[in-house]
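Commentary on secondary and tertiary structure
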Amino acid sequence: MNEPLAQSLISVTKKYLNTFSKEVPELAINRYHHVLVLIDDHGENLSQKALAEILQIDKSYMVTILDYLTSKGYVRREKNPQDRREQLIKLSPLAHHDIPLIRNAICNLNTRSLENLSEKEIETFNTVLKTILSNLSDCNNTDAIINLKNRRSPQE
């Protein structure tokens, strides 16, 4: 097992997201679908910071995601009346229209992804994923945040 485990997970993720995009070609967005579902699941009461923490991503990358979703007409930022320093993320009518399509596509793709696995294998798969996360949880949370900005190579 010389290949990093992350490589297999990345390959599955790429395939899953590519297939997902083909499931919902009529949407105005081609990424960050799950962010909309998370916002909806939390009753549109998430701040940018809270959303970044849930997704375990850098706050500046969260701004990039929300800028994209805002530019496509899916979300808007509103001042939190309880704390004016904080912005809450609200869904647009377009998002409310498209979220059921996104949820349906997720359900269909999850079913398709796991279709040749028994209930026991699916349970084992989920247990293995949780165990891997637990095994790596001794890392500081800030170490687990993925910064997707390009970095210059040492030769440059």
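Our subject in this report is the structure included herewith. Every value quoted in this text rests on a predicted model; they were computed, and no experiment measured them. (Residues numbered from 1 in each chain as written. Predicted model: local features only at pLDDT ≥ 70, side-chain atom pairs only at ≥ 80, totals over all residues. Heavy atoms only, no water.)

Turning next to the pairing of strand β1 (residues 75-80). Alignment of β1 against strand β2 (residues 83-91), held across six bridges, turns out to be antiparallel. Bridge pairing in β2 places Val75 opposite Leu91. Adjacent in sequence and paired antiparallel, β1 and β2 are bridged by two residues. (Pairing = 2+ DSSP bridges. Helix = DSSP H or I, 4+ residues; strand = E, 2+ residues; numbered from the N terminus.)

Turning our attention to the packing of helix α2 (residues 33-41) against helix α5 (residues 93-113). Interaxial distance between α2 and α5 falls to 10 Å at its minimum, and their mutual angle equals 110°. Judged by the inter-axis angle, α2 sits roughly perpendicular to α5. When you trace α2 past α5, the crossing you get is left-handed. Contacts from His33, Leu36, Val37, Asp40 and Asp41 of α2 reach α5 at His96, Ile99, Ile102, Arg103 and Ile106. Of the residues in the contact of α2 with α5, the class split is five nonpolar, two polar and three charged. (Axes fitted to C-alpha atoms, helices over the stretch in contact; angles between N-to-C directions. Parallel < 35°, antiparallel > 145°, perpendicular 65-115°, else oblique. Left-handed = near helix turned anticlockwise from the far one by under 90°. Contact = heavy atoms within 4.5 Å. Nonpolar A, V, L, I, M, F, W, Y, C, P; charged D, E, K, R; others polar.)

What follows concerns the packing of α2 against helix α3 (residues 48-55). In a pair of packed helices, the angle between the axes and the distance between the axes together describe the arrangement. At a closest axis distance of 11 Å, the pairing of α2 and α3 adopts a crossing angle of 120°. Helix-helix and strand crossings are classified by hand; for α2 and α3 the assignment is right-handed. Packed against α2, whose contacting residues are Val35, Leu38 and Ile39, the element α3 presents Leu51, Ile54 and Leu55 at the interface. Of the residues in the contact of α2 with α3, the class split is six nonpolar, no polar and no charged.

Within the secondary structure, Lys90 sits in strand β2. Lys90 gets classed as buried once you look at its relative accessible area, which sits at 15%. Between the alpha carbons of Lys90 and Arg77 there is a distance of 6.1 Å; along the sequence they are 13 residues apart. What Lys90 contacts, discounting residues up to four positions off in sequence, is Glu44, Asn45, Tyr74, Val75, Arg76 and Glu78. Reaching out from Lys90, the side chain makes a polar contact with the backbone oxygen of Glu44 at a distance of 2.9 Å. (Buried < 20%, exposed > 50% of the residue type's maximum accessible area, 1.4 Å probe, protein only. Polar contact = N/O pair within 3.5 Å; in protein donor to acceptor, adjacent residues only side chain to side chain.)

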